[in-house]
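If you want the building blocks of each chain, they are given just below.
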Amino acid sequence: WEFNGSFYQPSAFLMMGIPGLEALHPWISIPFCALYLTALLGNCVILFIIRRTQSLHEPMYYFLSMLAVTDLGLALCTLPTTLGLFWFNVRRIGFDACLAQMYFIHILSFIESSVLLAMAFDRFVAISHPLRHPAILTKSTVLKIGLAIVLRGMVSLLPIPFLLKRLTYCGKTELSHSFCFHPDIMNLACADIKVNVFYGMIILLSTVGMDFIFIVLSYILIIRTVVSLTTKEECLKALNTCVSHICAVLVFFIPMIGLSMIHRFGKNVPPLVNTLVAYTYLLIPPALNPIIYSIKSTHIREALLRALRRKRG
């Protein structure tokens, strides 16, 4: 394919499933369906329980609601293309539709990172300044934090689709996944992508990277506060309120960092590894977060059991 310097933009991209296992896609779709179902039902249950239980109307659970809404959005963004490919071998996705899916996937990922930071701040205030916690994190403050998180994600990522639309693309139109991802689309271009690489790196480091650093700093301060507590029981009780959040942070950030490293530096990484890390990053957190919080949060668990007993009665 030679374009003689002329501008070329494909009408559509072709999505890939799991390389080398195309014949097994109908069977592979079974665990994917289970993960999507768990993510959708689990997060809807979390939202229902928090809304119906008056005692859960406090900052920690407001932030958990934001996390559940974000996880629902992430699952719904990739569900149509992933299951469409596995069930019906629908590989084609329009160029503009691909950019739209990519934009929302990245926005929701950035929002999830920011919500996890807000939850870390909530835990820090609750443990280090318990008496001032209600005054610092009022309903209006939580709402403002939520709006700031959404606006930051939307504004910081707004140039990305336009930076991709200005590029000239070569004949190759095959994406590495069953969804659209910025580095994946960018690498199909035969034009200079230095601006895309630089902007993507700056935005990633200034948002998700900074979120992760501040989460770590929050836990350093939390540990300092916990160590100063007088009894072992108080220490364990304080740390126990953070276990769910720590699990959610690890489940989200480990695959995300791995995927970012593979896309930028892992040119010789097998395609199967790239694909599995990408699916882990987008599917495992939405499916596991409701399970983690249902198991570890006594208040969520008790409210869920009460709702089930009421339904049976």
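Residues numbered from 1 in each chain as written. Predicted model: local features only at pLDDT ≥ 70, side-chain atom pairs only at ≥ 80, totals over all residues. Heavy atoms only, no water.

With an unreviewed UniProt entry as reference, the protein is termed Olfactory receptor, source organism Erpornis zantholeuca. The record in UniProt for the protein states the following under Sequence similarities (unreviewed entry): "Belongs to the G-protein coupled receptor 1 family." (UniProt positions renumbered as here; feature names shortened; annotations may be inferred.)

S.K.: So what exactly am I meant to see when it comes to the packing of aromatic side chains here?
M.R.: Taken as a whole, this structure holds 14 aromatic pairs when the rule is applied. Judged by centre distance (5.7 Å) and plane angle (65 degrees), the ring pair of tyrosine 103 and phenylalanine 104 falls under edge-to-face. With relative accessibility at 15%, the residue tyrosine 103 sits in the buried group. Joined through ring pairs, the aromatic side chains of Phe32, Phe86, Phe179, Phe181, Phe212, Phe252, Phe253, Tyr279 and Tyr281 make up one cluster. (Phe/Tyr/Trp six-rings, centres within 6.5 Å; stacked < 30°, edge-to-face > 60°. Buried < 20%, exposed > 50% of the residue type's maximum accessible area, 1.4 Å probe, protein only.)

S.K.: I tried to follow the UniProt feature "transmembrane region" (unreviewed entry) in the protein on my own but got confused; where do I start?
M.R.: UniProt's feature table lists "transmembrane region" (unreviewed entry) at residues 24-50, 62-88, 100-121, 142-164, 197-222, 243-264 and 276-295, given in the numbering used throughout. Counted over residues 142-164, helix gives 96% and strand 0%. Its end C-alpha atoms are 35 Å apart. In the segment residues 276-295, helix accounts for 100% and strand for 0%; the C-alpha atoms at its two ends are 26 Å apart. (Helix = DSSP H or I, 4+ residues; strand = E, 2+ residues; numbered from the N terminus.)

S.K.: Is there a simple way to think about the state of the cysteines in this case?
M.R.: Working definition of a disulfide: a covalent bond connecting the sulfur atoms of two cysteines. Using the criterion set out here, one finds one disulfide in the structure. Each sulfur of the disulfide joining cysteine 98 and cysteine 180 lies 2.0 Å from the other. Note on the cysteine 98 and cysteine 180 pair: the S-S dihedral is about -120 degrees, so by sign convention the disulfide is left-handed. Taken together, the residues cysteine 98 in helix α3 (residues 95-128) and cysteine 180 in the loop between α6 (159-165) and α7 (182-186) connect sequence positions 82 residues apart. Neither cysteine 98 nor cysteine 180 differs from the other in exposure class; each is buried. Counting only cysteine sulfurs, cysteine 242 is the nearest neighbor of cysteine 247, a cysteine outside any disulfide, at a range of 11 Å. (Disulfide = S-S within 2.5 Å.)

S.K.: What is the right way to look at the nonpolar core in this model?
M.R.: Nonpolar side chains tend to gather and get buried jointly when the protein is soluble and globular. Counting residues in each nonpolar core, the largest one holds 88 residues, and the members touching the most others are Phe13, Leu64, Leu116, Leu164, Tyr169 and Ile185. Among the elements that make up this core, the one with the highest residue count is α3 (18 residues). (Core = buried A, V, L, I, M, F, W, Y, C linked by side-chain atoms within 4.5 Å.)

S.K.: Sorry if this is basic, but what is going on with a positive patch on the surface here?
M.R.: A surface patch of positive charge is lined by Arg51, Arg52, Arg306, Arg309 and Arg310. Mapped onto the positive patch, the elements with two or more residues apiece are α1 (25-52) and α12 (298-312). At three residues, the largest contribution of residues to the positive patch is made by α12. Summarising the element assignment, arginine 309 is placed in helix α12. You can call arginine 309 exposed: its relative accessible area is 54%. (Patch = residues over 30% accessible without salt bridge, like charges linked within 9 Å, V, L, I, M, F, W, Y side chains within 5 Å. Areas by Shrake-Rupley, 256 points an atom, 1.4 Å probe, with all protein chains shown as cover. Salt bridge = Lys/Arg side-chain N within 4 Å of Asp/Glu carboxyl O. Lys, Arg positive; Asp, Glu negative; His and termini not counted. Charge placed at Lys NZ, Arg CZ, Asp CG, Glu CD.)

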